[in-house]
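# Tertiary structure, described
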Amino acid sequence: MNALQQLEKTLAELLGWTNLEYYEWPIDKLTGTPPDKRGETWHLPRWTADDAAAFQLIVEHDVDVNHWEDWAVNTYINFNAQGNLCEYKDYASKAEALRVSIVASVIMKLKEIK
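Rules used in this analysis
Residues numbered from 1 in each chain as written. Predicted model: local features only at pLDDT ≥ 70, side-chain atom pairs only at ≥ 80, totals over all residues. Heavy atoms only, no water. Core = buried A, V, L, I, M, F, W, Y, C linked by side-chain atoms within 4.5 Å. Buried < 20%, exposed > 50% of the residue type's maximum accessible area, 1.4 Å probe, protein only. Helix = DSSP H or I, 4+ residues; strand = E, 2+ residues; numbered from the N terminus. Contact = heavy atoms within 4.5 Å. Polar contact = N/O pair within 3.5 Å; in protein donor to acceptor, adjacent residues only side chain to side chain. Pairing = 2+ DSSP bridges. Axes fitted to C-alpha atoms, helices over the stretch in contact; angles between N-to-C directions. pLDDT = per-residue confidence, 0-100. Expected span 1.5 Å × (residues − 1).

### Focus on the nonpolar core
Counting 18 residues, the largest nonpolar core has Leu11, Leu44, Trp47 and Leu57 as the members making the most contacts within it. Those elements that provide at least two residues to this core are helix 1 (3-15), helix 2 (51-61) and helix 3 (94-113). Non-local contacts of Leu11, meaning those with residues more than four positions away in its chain, are made with Trp47, Leu57, Val103, Val106, Ile107 and Leu110.

Following this line, the structure appears as structure tokens:
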């Protein structure tokens, strides 16, 4: 399981998913039981890889997202969602950096609640 999938697993646990399992082959996916679907196994949303899934988190958890470009230092973009800074240079794309920032922010908010 890679670091992004571990982040998604942490989020799923905080959202109430149970019976989480990682299948490396042949699908490289996390599965589990959503809180509202007792007894059913589903693929976890790919919050760090799917824009629609990540953006749904913004709405459901009221996440504020800011970004700014720093042209003075290697032309990278920073995303800051609720204090979780993700520098574009650390990720494969700007979109991935944004999604990771959103997921990390929701995790932070849920941990504060619990």
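### Some details on the environment of Glu60
Here Glu60 is to be found in helix 2. With 46 residues separating them in the primary sequence, Glu60 and Val106 have C-alpha atoms 9.4 Å apart. A polar atom in the side chain of Glu60 sits 2.6 Å from the side chain of Gln56.

### Quick word on the sheet that holds strand 1 (residues 18-23)
Ordered by their spatial adjacency, three strands build an open sheet running 1-2-3, and the pairing between neighbours is antiparallel. Two strands close off the open sheet at either side, each with one partner strand: strand 1 and strand 3 (42-43). Pairing between strand 1 and strand 2 (residues 29-33): four bridges, direction antiparallel. Each residue of the ladder has a partner; that of Thr18, found in strand 2, is Thr33. Helix-sheet contacts for helix 1 involve strand 1 and strand 2, and the interaxial angle to strand 1 is about 170°.

### Notes on the confidence of the model for the chain
Regions with low pLDDT should not have their predicted coordinates read in detail. Residue-level pLDDT values for the chain average 83, and 82% of them are 70 or greater. Mean pLDDT values for the elements of the chain range from 53 in strand 5 (residues 76-81) up to 95 in helix 1. For residues 73-77, every residue scores under 50 in pLDDT, and the model assigns this stretch 14 contacts once sequence neighbours within four places are set aside.

### Some remarks on helix 1
Side chains three or four residues apart in an α-helix point the same way, a direct result of the helix having 3.6 residues per turn. Between its first and last C-alpha atoms helix 1 spans 18 Å; for 13 residues at 1.5 Å apiece the expected length is 18 Å, and the two agree. Among the residues making up helix 1, those that are buried are Gln5, Glu8, Leu11, Ala12 and Leu14. Buried residues belonging to helix 1 abut strand 1, strand 2, helix 2 and helix 3. Two to three positions downstream of the cap, the backbone nitrogen of Leu4 sits 3.0 Å from a side-chain oxygen, assigning the N-cap of helix 1 to Asn2.

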